[in-house]
Amino acid sequence: NIPEDQADKLLLASWGLPKAVLEKYHSLGVVQMFEWQAECLMLGQVLEGKNLVYSAPTSAGKTLVAELLILKRVLETHKKALLILPFVSVAKEKKCYLQ
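Reading the values: the criteria
Within each chain, residues carry numbers counting from 1 in the order of the written sequence. Owing to the predicted nature of the model, reporting of local features is limited to residues with pLDDT of at least 70; listing and counting of side-chain atom pairs is limited to 80 or more, with chain, interface and lining totals taken over all residues. Computation of side-chain values covers all heavy atoms of the structure but excludes hydrogens and water. UniProt positions are given in the numbering used here, feature names are shortened, and annotations may be inferred rather than shown by experiment. To qualify as a helix, a DSSP run of H or I must reach at least 4 residues; to qualify as a strand, a run of E must reach at least 2; elements of each kind are numbered from the N terminus. Only buried Ala, Val, Leu, Ile, Met, Phe, Trp, Tyr and Cys residues count toward a nonpolar core, and they belong to the same one when joined by side-chain atoms within 4.5 Å. Each residue is assigned to one of three classes by its accessible area relative to the maximum for its type, calculated with a 1.4 Å probe on protein chains only: buried under 20%, partly exposed between the two thresholds, exposed over 50%. Note on contacts: a residue pair is in contact if any heavy atoms of the two residues lie within 4.5 Å. Helix axes use the C-alpha atoms of the stretch in contact, all axes being lines fitted to C-alpha atoms, and the angles between their N-to-C directions lie in the range 0 to 180 degrees. By convention, the crossing between two helices is left-handed when the near helix turns anticlockwise from the far helix through less than a right angle, and right-handed when the turn is clockwise. Residue polarity is assigned by list, with Asp, Glu, Lys and Arg as charged and Ala, Val, Leu, Ile, Met, Phe, Trp, Tyr, Cys and Pro as nonpolar; anything else, Gly included, falls into the polar class. What makes a salt bridge here is a side-chain nitrogen of Lys or Arg within 4 Å of a carboxyl oxygen of Asp or Glu, nothing more.

- The name that an unreviewed UniProt entry assigns to the chain is DPOLQ polymerase, with the source organism given as Sapayoa aenigma.

### Some remarks on the UniProt feature "domain: DEAD/DEAH-box helicase" (unreviewed entry) in the chain
1) Next: UniProt's entry tags residues 44–93 with the feature "domain: DEAD/DEAH-box helicase" (unreviewed entry), counted in the numbering of this structure.
2) Next: The straight-line gap between the two end C-alpha atoms of residues 44–93 is 31 Å; of that span, 44% is helix and 0% is strand.

### Digging into the nonpolar core
1) Next: Of all hydrophobic cores here, the largest spans 19 residues; its most connected members are L12, Y25, M33, L41 and L68.
2) Next: Per-element tally for this core: the top contributor is helix α3 (residues 62–77), with 5 residues.
3) Next: Once residues lying within four places of it in the same chain are set aside, the contact partners of L68 are L12, L17, Y25, M33 and L41.

### As for the packing of helix α2 (residues 35–42) against α3
1) Next: Relative orientation of the contacting elements α2 and α3 amounts to 35°, with a least axis distance of 10 Å. Of the two elements, α2 crosses α3, and the hand of that crossing is right-handed. Residues W36, Q37, C40 and L41 of α2 form the contact with α3, whose own contacting residues are K62, L64, V65, L68 and L69.
2) Next: Grouping the amino acids of the contact of α2 with α3 by side-chain chemistry returns 7 nonpolar, 1 polar and 1 charged.

### Notes on unusual backbone geometry
1) Next: A positive phi angle is found at S59, which is not glycine, with a value near 65°.
2) Next: Looking at the secondary structure, you find S59 in the loop between α2 and α3.
3) Next: Although it is not a glycine, H78 sits at a positive phi angle of roughly 60°.
4) Next: By the element assignment, H78 lies in the loop between α3 and α4 (88–98).

### Remarks on the pattern of salt bridges
Pairing between side chains of opposite charge can happen when their charged atoms approach one another.
1) Next: By the definition in use, this model includes 3 salt bridges.
2) Next: The residue E67 makes a salt bridge to K94 at a minimum N-O spacing of 2.5 Å. Residue E67 is found in helix α3, and its partner K94 is found in helix α4; the two are separated by 27 residues along the sequence. We note that E67, like K94, is buried.
3) Next: K72 serves as the salt-bridge partner of E76, at 2.8 Å between the closest nitrogen and oxygen. Taken as a pair, E76 and K72 lie in helix α3 at a separation of 4 residues, close to a single helical turn.
4) Next: Residue E76 is classed as partly exposed on the basis of its relative accessible area of 48%.

Okay, here's the thing in structure tokens:
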């Protein structure tokens, strides 16, 4: 569980994302994360590029964790990222969404 003094980590605005990115998530109704999502982002050195393996049921919010990790790394390092998706339709959807 998230310690009470780090409860702000549930808010997307706490992760240093640009205003435009936050506005896009907010327009989709995503303002905060589930506790397990924030815990994933706070594990070890995940935000510095270390590996993370996590498992959750379908539609639990795994993609949000991956997107936040990718966005932070791309914006902070100015390098490219590779996002592998299982279907062409999902890839097209994510392309439009992430632009």
